[in-house]
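Secondary and tertiary structure notes
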Amino acid sequence: MMIKKNDIYEITVTDFGNDGEGIGRIDGYTLFIKDAIPGDIIKARITKAGKSFGYARVEEMVKPSDDRVTPVCPVAARCGGCQIQHLSYKKQLEFKQNKVKNQLERIGKVKNFTMHPIIGMENPYFYRNKSQYPVTLGKDGSIQIGFYAGRTHNVIETEKCYIGTEGNEKILSVVRNHMESNHILPYDEVNHKGLVRHILIRKAFATGQWMVCLVINGKKYPNADFLVDELRQFDGMTSICLNVNREKSNVILGKEVINLYGEGFITDKIGDVSFQISPLAFYQVNPVQTVKLYQTALEYAGLTGKETVWDLYCGIGTISLFLAKSALHVKGVEIIPEAIENARNNAKLNGIDNAEFFVGKAEEVLPAYYEQQERNGIQATADVIVVDPPRKGLDIRLRETMVKMHPTRIVYVSCDSATLARDVEYLTRNGYELTDVRTCDMFPMSGHVETVVLMSKVQK
Ligand code: SAH
């Protein structure tokens, strides 16, 4: 059978794809269908046809799945921010748990591990503490602030984001009014003109502090004083800044921050540890779940107070400091210098003196440390190594060095279960066994899931 773009087929959706899209089959030909879920019977319009698989969208709903719900957000289907708002929350959790289990079994080639129940949210809305709104000029000349539609740079205007922070819309409206009255243009990525690219808003949920950062294609923002005066009226406004990004690129933030108000950071708390967060530093976006994630990491680390722990990809030192109180010594490694500056201050802020931090790539810092020790006739070891890499997972060189340091436990925090499974496969071939897996829903309404696993050294 020849399947072509724009053909329409009636099919029953049977499975989930990795991002939460639906999967249906026509005589063995696989279709990935946006916004469809298992149990739906639909008329699907082919949007892209490959040789053995293709993509489609729902042209007409013939019979909806019992797991379908009406999204609370009116723009859920168009906006790229959420992928599975139309799926009941219970089923979202089931989908994520199964995805991780399947990938560990299939890619990781492991079985006989304990898959603990997923940690879901009681209220899976308004959970994000950070939002980055693109700003563009509409066809009618108006300023558009919202989120990108899936896989495009068309901005879908959103008054209110149901997974964002309540109150963001008031801040956005102040910026919009200021831009309009001062004739400040949004950035246009086609001709690389205009000023305002993104508005980044962060809120520290535990302390109520706000940060507003305008990402601009320039070094100056006209009449910034007036904007600062207005934003300061918000209860908890603690940091206002500009971020300079003059690159022709999809990367949101540039390297330079110009401080307009405050000390350049906000302070939040996770459990009983306080953290200063600067605009360029990574910080977990879902504070309600972060504490549960870190508690799992702490539990898996199995600390008694005598251990040397490495926390690789440590950001502002959150996991490092969360573990430091129960360990002998913690060493954190992170690539962003500003984040390490935060991490060092955070140690001081919490009176923690058994944590030290290194700037650099984990895959360079750890091997260099290992080789240095070796030259001194010392075998570098660690009791526990915690890793929390970005989606691409661990670098080969880093994995090799980790194994050479033969930690008793490796605690792997992952935001991409496919690369996690790949690394688990490597570690099981090199003296480790996967014992415990715990998924945590840090990103309700999206297809993403966070996982913490414990890999233990196999006793000879
Ligand atoms: N564990 C921290 C941060 C996790 S996010 C937390 O829970 O908050 C991953 C972090 O890895 C980010 O801070 C990112 O800046 C950093 N990073 C990315 N590539 C890196 C590399 N090659 N070496 C070290 N850190 C890296």
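Residues numbered from 1 in each chain as written. Predicted model: local features only at pLDDT ≥ 70, side-chain atom pairs only at ≥ 80, totals over all residues. Heavy atoms only, no water.

1. Quick notes on the side chain of Ser 320
We apply this condition: Only DSSP runs of H or I reaching four residues or more are called helices, and only runs of E reaching two or more are called strands; each is numbered from the N terminus. Residues are treated as being in contact if the distance between any of their heavy atoms lies within 4.5 Å.
Inspection of the secondary structure assignment puts Ser 320 in helix H5 (residues 318-324). Apart from residues lying up to four places away in sequence, Ser 320 is in contact with Asp 311, Cys 314, Val 330, Gly 332 and Phe 357.

2. Considering the packing of aromatic side chains
For any two aromatic rings, the description comes down to two numbers: the centre-to-centre distance and the angle of the planes. To be explicit about the condition: Working definition: rings of Phe, Tyr and Trp (its six-membered ring) pair if their centres are within 6.5 Å, and the pair is stacked with planes under 30 degrees apart, edge-to-face with planes over 60 apart, and tilted otherwise. Two conditions define a charge located above a ring, namely a distance within 6 Å from the ring centre to NZ of Lys or CZ of Arg, and an angle within 35 degrees of the ring normal.
Within this structure, the stated rule accounts for nine aromatic pairs. Aromatic side chains Phe 126 and Tyr 162 sit 5.7 Å apart centroid to centroid with 40° between the ring planes, which places their arrangement in the tilted category. On the criterion of sequence distance, the pair formed by Phe 126 in the loop between strand S6 (114-119) and strand S7 (130-137) and Tyr 162 in the loop between strand S9 (155-157) and helix H2 (168-181) is long-range, its members being 36 residues apart. Each member of the aromatic cluster is reached from another via a ring pair, and the members are Phe 32, Phe 53 and Tyr 55. Against the face of Tyr 187 rests Arg 197, its NZ or CZ located 4.2 Å from the ring centre. Directly above the aromatic system of Tyr 426 lies the positively charged group of Arg 399, at a separation of 4.2 Å from the ring centroid.

3. With respect to helix H3 (residues 224-231)
Given 3.6 residues per turn, any residue in an α-helix points the same way as the ones three and four places further on. Threshold: Whether a residue is buried, partly exposed or exposed follows from its accessible area with a 1.4 Å probe, protein chains only, as a fraction of its type maximum: under 20%, in between, or over 50%, in that order. Read the arc as the range of directions from the helix axis to the C-beta atoms.
Regarding H3, the residues found buried are Ala 224, Leu 227, Val 228 and Leu 231. Across the axial projection of H3, the buried residues extend over an arc of 100°, all falling on one side. In H3, the exposed residues that point more than 90 degrees away from the buried face are Asp 225 and Phe 226. Buried residues belonging to H3 abut H2, strand S11 (209-216), strand S12 (237-244) and strand S13 (256-261).

4. Brief notes about the environment of Lys 404
Relative to the elements of secondary structure, Lys 404 occurs in helix H8 (residues 396-404). Judged by relative accessible area, Lys 404 falls into the partly exposed class, the value being 42%. As for Lys 404 and Ala 380, which are separated by 24 residues in sequence, their C-alpha atoms are 8.3 Å apart. When neighbours within four sequence positions are excluded, Lys 404 is seen to be in contact with Tyr 370, Gln 379 and Ala 380.

5. Examining the packing of H2 against H3
Using the following cut-off: For helices, the axis comes from a line fit to the C-alpha atoms of the stretch in contact; other axes are also lines fit to C-alpha atoms, and the angle between any two N-to-C directions lies between 0 and 180 degrees. For classification, angles of less than 35 degrees are called roughly parallel, those exceeding 145 degrees roughly antiparallel, those between 65 and 115 degrees roughly perpendicular, and all remaining angles oblique. The handedness criterion is simple: a crossing whose near helix is rotated anticlockwise from the far helix by less than a right angle is left-handed, and one whose near helix is rotated clockwise is right-handed. Three categories are distinguished: nonpolar for Ala, Val, Leu, Ile, Met, Phe, Trp, Tyr, Cys and Pro, charged for Asp, Glu, Lys and Arg, and polar for the others, with Gly belonging to the last.
Contact geometry of H2 with H3 gives a least axis separation of 10 Å together with a crossing angle of 155°. Considering the angle they form, H2 stands roughly antiparallel to H3. The interaxial crossing formed by H2 with H3 has right-handed handedness. Between H2 and H3, the contacting residues are Ile 171, Val 174, Val 175 and His 178 on the first element and Phe 226, Leu 227, Glu 230 and Leu 231 on the second. When the residues that make up the contact of H2 with H3 are grouped by side-chain class, the tally is six nonpolar, one polar and one charged.

6. Some remarks on the domain arrangement of the protein chain
Accessible area lost upon the coming together of the parts is a frequently used measure of interface size. To keep it simple, the criterion reads: Start and end points for every domain follow an automatic or database-based domain assignment. Note on terms: buried area is the combined drop in 1.4 Å-probe accessible area of two parts once they are placed together, counting the loss on both. Salt bridge, as applied in this entry: a Lys or Arg side-chain nitrogen positioned within 4 Å of an Asp or Glu carboxyl oxygen. Distance and chemistry together define a polar contact, namely a pair of N or O atoms within 3.5 Å, with one atom able to donate a hydrogen and the other to accept it when in protein, and with adjacent residues in sequence counting only for side-chain atoms on both sides.
Looking at the assigned domains, one finds that the protein chain contains domain 1 (1-67), domain 2 (92-122 + 286-457) and domain 3 (130-270). Between the C-alpha centres of domain 2 and domain 3 there is a distance of 32 Å. Here domain 2 meets domain 3 over a buried area of about 490 Å², counting both sides, of which 82% is carbon and sulfur. The tally of links between domain 2 and domain 3 comes to zero salt bridges. Connecting domain 2 to domain 3 are zero residue pairs in polar contact (both at pLDDT 80 or more).

7. Concerning the sheet that holds strand S4 (residues 41-49)
Here is the rule we go by: A strand pair is defined by DSSP finding two or more bridges across the two strands.
Spatial strand order, S1-S2-S3-S5-S4: five strands in a closed barrel with mixed pairing. With strand direction ignored, the average angle separating the axes of adjacent strands in the sheet is 50°. By the bridge criterion, five bridges tie strand S3 (residues 29-34) to strand S5 (residues 53-63) in an arrangement that is parallel. Bridging from a neighbouring strand, Ile 33 pairs with Ala 56 of S5.

8. A word on the pattern of salt bridges
In total, this model carries 17 salt bridges according to the counting rule given. The salt bridge involving Asp 15 is made with Arg 25; its shortest N-O contact spans 3.2 Å. Residue Asp 15 is found in strand S1 (residues 8-16), and its partner Arg 25 is found in strand S2 (residues 22-26); the two are separated by ten residues along the sequence. Judged by relative accessible area, which is 42%, Arg 25 ranks as partly exposed. For Lys 96, the salt bridge identified is with Asp 441, shortest N-O distance 2.8 Å. Taken as a pair, Lys 96 in helix H1 (residues 89-106) and Asp 441 in the loop between strand S21 (432-440) and strand S22 (450-457) lie far apart in primary sequence, 345 residues in all. For the residue pair Lys 96 and Asp 441, the accessibility class agrees, reading buried in each case. Counted as one network, the salt bridges with shared partners bring together Arg 45, Arg 57 and Glu 59.

9. Here's the deal with the site of the ligand
Operational definition: The rule for a residue being near a molecule or strand is that one of its heavy atoms must lie within 4 Å of it. Each accessible area is a Shrake-Rupley estimate made with a 1.4 Å probe; only the visible protein chains count as cover when residues are assessed.
Taken together, 17 residues sit near the ligand, with Gln 284, Tyr 294, Glu 334, Ala 362 and Asp 388 positioned nearest. One nitrogen or oxygen atom from the main chain of Tyr 313 is found 3.1 Å from a nitrogen atom belonging to the ligand. Side-chain polar atom of Thr 318 to an oxygen atom of the ligand: 3.1 Å apart, as the coordinates give it. Considered on its own, the ligand offers 570 Å² of accessible surface; in the complex 90% of this is hidden by protein. Secondary structure elements with two or more residues in the shell around the ligand: H5 and helix H7 (362-375). Considering only residue class, the shell around the ligand consists of nine nonpolar, four polar and four charged.

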